[in-house]
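Report on the structure
Below, each chain spelled out in residue letters.
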Amino acid sequence: IQSDSDLTQNTLEQFQNISGLCLFDSVDTVRVTVKLKEYEMETELYGCDLEEYPLKWQKSDGEILLNNTLSLFFGADSFQFLRDKNEFYPDKGQIRKWIENYQDLTLTVVDEKGKERKAKICGILEEPGNNIYMDKGQMAEIYQDDARALGGYVRIYGYQNMKKAKKVLENAGFMVTDLPS
């Protein structure tokens, strides 16, 4: 689910009234600029519970560095949004090289306050392919007050419960996206 405004404690408590609710895992977001060599893009980083959130891995190190170096997980399609100073996008060959050698890449991530941090790519995601993720705990530690909870992952038991919950959430102003099983 996705909202235009921060999820409040009251909203989270209301989720407990959804029939069949098995899990709600909020996803935090922070607006950043990601730099890779001469390329950069403005995007959002998504902080989630990497164990619970339904990510479909293409490649992964299996190891996450939890220190001041950001550990990022790039959707395979997110590389295509990088641009150089002349507004040119990387070609498919360059993107393929980056994906093949992702462990060797060092990125710079700049937050809205202008603070720069080094980052490593620890995995490539097949789905969702357009986003960049990181561990929710690392995001909370590094970005503290800058991260906003605008949505999350909801798991509902039962098809009828899911249909009702989707309708209730959409009527409450949430954008609801079904994920493949």
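So, a few notes on the structure that sits alongside this text. (Residues numbered from 1 in each chain as written. Predicted model: local features only at pLDDT ≥ 70, side-chain atom pairs only at ≥ 80, totals over all residues. Heavy atoms only, no water.)

On to the side chain of Q138, then. The topology assignment puts Q138 in helix α3 (residues 136-143). Of note is the side chain of Q138, whose polar atom sits 3.2 Å from the backbone nitrogen of S71. (Helix = DSSP H or I, 4+ residues; strand = E, 2+ residues; numbered from the N terminus. Polar contact = N/O pair within 3.5 Å; in protein donor to acceptor, adjacent residues only side chain to side chain.)

In terms of nonpolar packing, the biggest core is built from 29 residues, with L45, L72, F74, F79, V109 and Y143 touching the most fellow members. Per-element accounting of this core gives the leading share, 4 residues, to strand β1 (residues 21-36). Excluding residues that lie within four positions of it along the chain, V109 makes contacts with V32, T33, V34, L45, L70, L72, K115, E116, R117, A119 and Y143. Within the second largest apolar cluster, 12 residues are counted, among which are L50, L55, C122 and L125. (Core = buried A, V, L, I, M, F, W, Y, C linked by side-chain atoms within 4.5 Å. Buried < 20%, exposed > 50% of the residue type's maximum accessible area, 1.4 Å probe, protein only. Contact = heavy atoms within 4.5 Å.)

It is worth spelling out the side chain of D135 at this point. Mapping D135 onto the fold places it in strand β7 (residues 132-135). An unpaired buried charge is present at D135: no salt bridge exists, and K136, the closest side chain of opposite charge, is 9.5 Å distant. From its side chain, D135 meets the backbone nitrogen of Q138 in a polar contact 3.1 Å long. (Lys, Arg positive; Asp, Glu negative; His and termini not counted. Salt bridge = Lys/Arg side-chain N within 4 Å of Asp/Glu carboxyl O.)

So, about the state of the cysteines. By the definition in use, this model includes 0 disulfides. The thiol of C48 is unpaired, and the distance to the nearest cysteine sulfur, on C122, comes to 13 Å. (Disulfide = S-S within 2.5 Å.)

So, on to α3. Within α3, the full set of buried residues consists of Q138, M139, I142 and Y143. Seen from one end, α3 has its buried residues packed into an arc of 100°, which puts them on one side. As for α3, its buried residues are in contact with β1, β2 (39-48), β4 (70-75), β5 (106-111), β6 (116-127) and β7. Capping the start of α3, D135 holds a side-chain oxygen 3.0 Å from the backbone nitrogen of G137, two or three residues further along. Taken from the residues just after α3, Q144 is the one with a positive phi, measuring 35°. (Arc of directions from axis to C-beta.)

With that settled, the discussion passes to the layout of surface pockets. Reported here for the largest pocket is a volume of approximately 780 Å³. Surrounding the largest pocket, 27 residues form its lining, Y153, V154, T177, D178 and L179 being those nearest its centre. Among the secondary structure elements, those contributing two or more residues to the lining of the largest pocket are β1, β8 (148-156) and α4 (159-171). If you tally residues by element for the lining of the largest pocket, the top one is β8, at 6 residues. Grouping the amino acids of the lining of the largest pocket by side-chain chemistry returns 16 nonpolar, 8 polar and 3 charged. (1 Å grid on protein atoms, 1.4 Å probe; cavity = no way out; pocket = protein on both sides within 12 Å on 5 of 7 lines; lining within 4 Å. Points joined across faces, edges and corners; volume = space filled by probe spheres on them. Nonpolar A, V, L, I, M, F, W, Y, C, P; charged D, E, K, R; others polar.)

By themselves these figures say nothing about function.
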